[in-house]
Amino acid sequence: MANYSSMTDEMLVKAYAQGNNEAFDALLKRHQDRVFNYILRIIRNEDLANDIFQETFVKAILTIKQGRYTENGKFPAWITRIAHNLIIDYYRQEKSENVQSADMEDIDILNRKDLCEATIEDLIISDQIIADVQYLIQELPELQREVLNMRYYQNMSFKEIAEKTGVSINTALGRMRYAIINLRRIAAEKDIVLTL
C-alpha cells in the first residue's frame, strides 16, 4: 500500500489518472476542508456550499479522467479555480432567473406557464415523465440505482452516501456519474423523451 501522505499533489493526480482511486481519495482528504471553507465563505449557505463542493470534485474527476489536467505543480489553485467558477456560474444563473422588468412592453411577466394551473394534458405528460424516469432507474445496475436513490430521493450528500455504503466518496461520485450516463443512454435507446 502506498504512503499517500508523502506523495505530492501531482503524483497523486498522476496515480489517479492511471486508475488508482485511493490516490484521489488522498487528494480529496488533503484539500476538502480548505476548498469547502472557501466556498462557504462566499456562499454563506451550508447546503448550497456542499452542492458546489461536490460539483467541484466531480468536475475535477472528469477533467483528470479525460486527460485534460495540465500538470503545473499548482493543484490547490486549480481546484479552487474550479470552485470559484462554479460559484460565479451559480450567481449568474440566479441573477438571470430572478431579474425581469415589468416595464418591458414585449414581456408580460405575469403571463407565464409556471404561474398558471396545470392543464389535464400537462398532468398526463408529467405523470408519464415520472413513470419513464422510474422505469429508467429500474434499468440501472443495482449499485448505480442505490446511489441515485440516496442522492435524489433521500437528499443525501455524497459523503453520507459513501459512509452508508462503505465506499470512498470518489466511488460514490463515480457511480452517480455512470448512473447519469446510463440513464441518458437507455433513454436514447428506448426513445424516451423526458421533457414537457
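As the structure is a computational prediction, the values presented were derived from the model and not from experiment. (Residues numbered from 1 in each chain as written. Predicted model: local features only at pLDDT ≥ 70, side-chain atom pairs only at ≥ 80, totals over all residues. Heavy atoms only, no water.)

Undergrad: Before we go on, may I ask you to explain helix 3 (residues 46-65) in this structure?
TA: Every α-helix carries 3.6 residues per turn, so stepping three or four residues along brings you back to the same face. In this model, helix 3 (20 residues) spans 28 Å end to end at C-alpha, consistent with the 28 Å of a helix rising 1.5 Å per residue. Among the residues making up helix 3, those that are buried are Leu-48, Ala-49, Ile-52, Phe-53, Gln-54, Thr-56, Phe-57, Ala-60, Ile-61, Thr-63 and Ile-64. Measuring from the backbone nitrogen of Asp-47 back to the side-chain oxygen at the start of helix 3 gives 3.0 Å, which picks out Asn-45 as the cap. (Helix = DSSP H or I, 4+ residues; strand = E, 2+ residues; numbered from the N terminus. Expected span 1.5 Å × (residues − 1). Buried < 20%, exposed > 50% of the residue type's maximum accessible area, 1.4 Å probe, protein only. Polar contact = N/O pair within 3.5 Å; in protein donor to acceptor, adjacent residues only side chain to side chain.)

Undergrad: When you look at the packing of helix 7 (residues 158-165) against helix 8 (residues 169-189) in this model, what are you seeing that I'm missing?
TA: Each packed pair of helices is defined by two parameters, the angle between the axes and the distance between the axes. Direction vectors running N to C along helix 7 and helix 8 enclose 105 degrees, while the axes themselves pass 8 Å from each other. In terms of orientation, helix 7 lies roughly perpendicular with respect to helix 8. When helix 7 is examined against helix 8, the residues Phe-158, Lys-159, Ile-161 and Ala-162 are found in contact with a partner set consisting of Ile-169, Ala-172, Leu-173 and Met-176. Its residues assigned to classes, the contact of helix 7 with helix 8 comprises 7 nonpolar, no polar and 1 charged. (Axes fitted to C-alpha atoms, helices over the stretch in contact; angles between N-to-C directions. Parallel < 35°, antiparallel > 145°, perpendicular 65-115°, else oblique. Contact = heavy atoms within 4.5 Å. Nonpolar A, V, L, I, M, F, W, Y, C, P; charged D, E, K, R; others polar.)

Undergrad: Sorry, what's going on with unusual backbone geometry here?
TA: It is generally the case that most residues other than glycine have a negative phi and that most peptide bonds are trans. One non-glycine residue, Arg-44, lies in positive phi territory at about 60 degrees. By secondary structure assignment, the location of Arg-44 is in the loop between helix 2 (21-43) and helix 3. Since its relative accessible area comes to 71%, Arg-44 is described here as exposed. With a phi angle near 55 degrees, Asn-155 is a residue other than glycine that sits in the positive phi range.

Undergrad: Sorry if this is basic, but what is going on with the pattern of salt bridges here?
TA: Two side chains bearing opposite charge may form a pair once their charged atoms approach each other closely. In total, this model carries 3 salt bridges according to the counting rule given. One salt bridge in this structure joins Arg-151 and Asp-51, with 3.3 Å as the shortest N-O distance. With Arg-151 in helix 6 (residues 142-153) and Asp-51 in helix 3, the pair connects residues that are 100 residues apart, well separated along the chain. Judged by its relative accessible area of 16%, Arg-151 falls in the buried class. (Salt bridge = Lys/Arg side-chain N within 4 Å of Asp/Glu carboxyl O.)

Note that every value here comes from positions in space, so none of it alone points to a role or purpose.
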